[in-house]
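Listed here are the chains, written in short residue letters.
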Protein chains: 2
Amino acid sequence: MPRVSKRTGQQSIYFENPPVITNWANIVGPMEGQGPYGQEFDWVLEDYLFGEQSWEKAEAKMLRETVKLVASKANLPLGNIEVLLAGDLLNQIISANFAARELKIPFLGLYGACSTMAEGIALGAMLIDGGFYSTLTVGVTSHHHTAERQFRFPTEQGAQRLPSSQWTVTGCGCLIIQRDGVGPRITTATVGKVIDLGQSDVNDMGAAMAPAAADTIVAHFRDTGRDPRYYDLIITGDLGKYGLALMESLCQKLNCPLGQHVSDCGVLIYDIDQDVHAGGSGCGCSAVMLCGPLLNRMQAKEFNRILLVGTGALMSTTSSLQGETIPCIAHAVAIEN
Amino acid sequence: MPRVSKRTGQQSIYFENPPVITNWANIVGPMEGQGPYGQEFDWVLEDYLFGEQSWEKAEAKMLRETVKLVASKANLPLGNIEVLLAGDLLNQIISANFAARELKIPFLGLYGACSTMAEGIALGAMLIDGGFYSTLTVGVTSHHHTAERQFRFPTEQGAQRLPSSQWTVTGCGCLIIQRDGVGPRITTATVGKVIDLGQSDVNDMGAAMAPAAADTIVAHFRDTGRDPRYYDLIITGDLGKYGLALMESLCQKLNCPLGQHVSDCGVLIYDIDQDVHAGGSGCGCSAVMLCGPLLNRMQAKEFNRILLVGTGALMSTTSSLQGETIPCIAHAVAIEN
């Protein structure tokens, strides 16, 4: 009768038998395919509709097809995936819901805005290490055009974007977590608190999310006793270039300097000449960077220890219109060879 | 090194050390306070604004105050609640996000529409039985006026409702799950698949959700080897009176007749003369019925074994406007003395 707590410190979990990320897959949109990692993505869409009648249906199809892709890489029939943890940015997470309808896999819906991949990995690893499942999938998707018209303006309107704006990634990342197998392992996770320092500018989400990222990163090192140098890479979800700089300076002020091996998925995914301003965002951003370039590099032993810090801005258009500031969250997961 | 799988059958989990529901609390709106269980709720609001400037802020406050209430019943400082699993119906689950901001408890956001309480209990029990936490809270809230204006019409418009329409409950239920303690225990859980038989009428959600409820109930009995007579009460989330009848007839057709001890939170929560048509709905419906009348009756040994089947309709206004049918899900949790 195991009674040992697997919690360490106030917010972190260590896994007794670290679950394995055995397979990963991704689909990205045309613009992500033209970025610096374009050659490394599994499937680059030629257009934003993906053969569907609406961008929303295309977004659900991306998740459905990425789950099928990762299952086929793993040589697993879909029926052998025991549970699907998934989410997206759309109201009522319809992309995940409609994908789950076609996939017929038992389904648990999550909402963590752009932190959803990290939230899903943390929860998925707990469900595996807890002995409840032996094989599960985490999938997260976002689509530039569905997010723009839901959160901002119809893209046809061509509204001007501010220098601090980020570009929502069209992309879906899925990974399979298993109890046994070969691959990088999830060793610890830090579950974040909602942090809101009073920023209300929805055109500067990096600044809103930076304090939540710093809070979780500091908690991670405090709880685990690790030092930032332990990791080959500390990578945040999608703070963008200004948010990343702000997060690093906050960590410095909190006596937790992060050193040189720090980056951000939103900074990496596009080239500077792609006119995306502060960088990429959207829950697909960290999902495709992890389930592609980052895990590929871990497999090649280019990195052996990374800390993924998924960051999410948890407001809605309603809360912003009602004068609320932007509550944010970050969850961290350590992945190690 | 525990390697035993705690899964039974294709979709179900049994808990090795069944986690305990040690405390529960609820807040309801004025109309729920006038219903047949009005006297049993902890806190009946006098109006829908709860001292706030908007219904949405009132909904977030309901969750915040219910978490505080359940913590005070348990004599636990908020800081001793190790993680909060929460969700609601609003876009981007803002009620949960804003409540978590004030509560400062590590937070995992869920979206399962009206199945969220059952989803949260299933996940929460896994996190406790897996050894990751010893004390956590699950909280779910909904508000009649925020849901109406988001999903249907502004309530000020006084749109006519159909006989099959359900009335979104204003209410919040929270419970504390602990590894050790006194109270009813969570013994098994069945995680549902998304089921959609092609119903697209958003004024008849009970009919849309009934097949998902039947699918999960049949899976539960198949996976666990239990018989419907095992339970003193099988209670669905909020199918309403027509959905409940449909679900019972579907189970009958699937060779799983449920017998006499079957009901629905949406059928129970209002009196027939309260003009709610088919009954209550909203994720607060099963949350307040469970975290009040039902768990109170278990404590009094009036019931010793119940199966709560939370049911959710997973569409959005966007998916409905794009001609999609309504995908639904149900999760079941067995709670036993």
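Residues numbered from 1 in each chain as written. Chains lettered and ligands numbered in written order. Predicted model: local features only at pLDDT ≥ 70, side-chain atom pairs only at ≥ 80, totals over all residues. Heavy atoms only, no water.

**Here we look at the relation of the copies chain A and chain B**
Mapping chain A onto chain B calls for a screw motion: a turn of 180° about the axis and a shift of 0.0 Å along it, with 0.0 Å RMSD after fitting. The two molecules are tied by a two-fold rotation axis, judged by turn and shift. When the interface residues of chain A are mapped onto chain B, 100% of them again fall at the interface, so both copies present the same face. (Least-squares fit on C-alpha atoms with pLDDT ≥ 70 in both. Contact = heavy atoms within 4.5 Å.)

**Section: the pairing of strand β13 (residues 305–313) of chain B**
Residues and elements named next belong to chain B. Most of β13 is tucked away: eight of the nine residues are buried. Note: strand β10 (residues 233–236) against β13, four bridges, orientation parallel. Looking at β13, one finds that Ile235 is bridged to Leu308. As defined by bridge partners, β13 adjoins strand β14 (residues 328–336) across nine bridges and the pair is classed as antiparallel. Its bridge partner being in β14, Val309 is matched across the sheet by Ala332. (Buried < 20%, exposed > 50% of the residue type's maximum accessible area, 1.4 Å probe, protein only. Helix = DSSP H or I, 4+ residues; strand = E, 2+ residues; numbered from the N terminus. Pairing = 2+ DSSP bridges.)

**Considerations on the interface of chain A and chain B**
Counting residues at the interface gives 65 residues for chain A, matched by 65 residues for chain B. Carbon and sulfur atoms supply 57% of the area that chain A and chain B bury against each other, a total of about 5,700 Å² over both sides. Connecting chain A to chain B are eight salt bridges. Among the ionic pairs, A:Lys57 bridges to B:Glu324, the shortest N-O distance being 3.9 Å. Inspection of the chain A/chain B interface yields 30 residue pairs in polar contact (both at pLDDT 80 or more). Elements represented by at least two residues in the side of chain A that touches chain B include exactly α2 (55–73), α3 (94–103), β5 (107–109), α4 (116–129), α5 (144–151), α10 (317–321) and β14 (328–336) of chain A. By residue class, the composition of the side of chain A that touches chain B is 30 nonpolar, 18 polar and 17 charged. (Buried area = accessible area lost by both parts, 1.4 Å probe. Salt bridge = Lys/Arg side-chain N within 4 Å of Asp/Glu carboxyl O. Polar contact = N/O pair within 3.5 Å; in protein donor to acceptor, adjacent residues only side chain to side chain. Nonpolar A, V, L, I, M, F, W, Y, C, P; charged D, E, K, R; others polar.)

**A word on the domain arrangement of chain A**
Residue and element names in this part refer to chain A. One can read the domain layout of chain A as domain 1 (7–178) and domain 2 (185–336). Centre-to-centre separation of domain 1 and domain 2, based on C-alpha positions: 17 Å. Taken residue by residue, the interface counts 60 residues in domain 1 and 60 residues in domain 2. Where domain 1 abuts domain 2, roughly 5,000 Å² becomes buried across the two surfaces, and 60% of that area is made up of carbon and sulfur atoms. When residues of domain 1 are sorted by the area they lose upon contact with domain 2, Gln11, Trp24 and Gln166 head the list and together hold 16% of the total. At the junction of domain 1 and domain 2, the tally comes to one salt bridge. Arg297 is the partner of Glu40 in a salt bridge, and the nearest nitrogen-oxygen pair spans 2.8 Å. Secondary structure elements with two or more residues in the side of domain 1 that touches domain 2: β2 (12–14), β3 (20–28), α1 (30–33), α4, β6 (135–142), α5, β7 (167–168) and β8 (171–178). Residues that form the side of domain 1 that touches domain 2 fall into these classes: 35 nonpolar, 19 polar and six charged. (Domains from an automatic or database assignment.)

**Thoughts on the pairing of strand β8 (residues 171–178) of chain B**
Residue and element names in this part refer to chain B. Here β8 lies mainly inside the structure; eight of its eight residues are buried. The two faces of β8 match: Gly171, Gly173, Leu175 and Ile177 on one face and Cys172, Cys174, Ile176 and Gln178 on the other face are all buried. One ladder, built from eight bridges, connects strand β3 (residues 20–28) with β8; its direction is antiparallel. The residue bridging Trp24 from the neighbouring strand is Leu175, located in β8. Pairing geometry for strand β6 (residues 135–142) and β8, over eight bridges, is antiparallel.

**Details of the state of the cysteines**
One pass over the full model with this rule turns up zero disulfides over all chains. Looking at the unpaired B:Cys251, the closest cysteine sulfur is the one in B:Cys256, lying at 5.3 Å. (Disulfide = S-S within 2.5 Å.)

**Concerning the nonpolar core**
Core analysis: the biggest nonpolar cluster contains 178 residues, and A:Leu175 and B:Leu175 have the highest contact counts within it. Ignoring sequence-local partners within four residues, the contact set of B:Leu175 consists of B:Ile21, B:Asn23, B:Trp24, B:Val70, B:Met117, B:Ile121, B:Leu136, B:Thr137, B:Val138, B:Leu290, B:Cys291 and B:Leu295. (Core = buried A, V, L, I, M, F, W, Y, C linked by side-chain atoms within 4.5 Å.)

**Considerations on the pattern of salt bridges**
Pairs can form between side chains of opposite charge whenever their charged atoms are close. Inspection of every chain in the model, using the stated rule, returns 37 salt bridges over all chains. Here A:Arg101 and B:Asp196 are joined by a salt bridge, their closest N and O atoms 2.5 Å apart. One end of the pair, A:Arg101, is in helix α3; the other, B:Asp196, is in the loop between β9 (185–190) and α6 (205–224), on a second chain. Just as A:Arg101 is buried, B:Asp196 falls in that class too. Residues joined by salt bridges that share partners form a network here, namely A:Lys57, A:Arg101, A:Glu102, B:Asp196 and B:Glu324.

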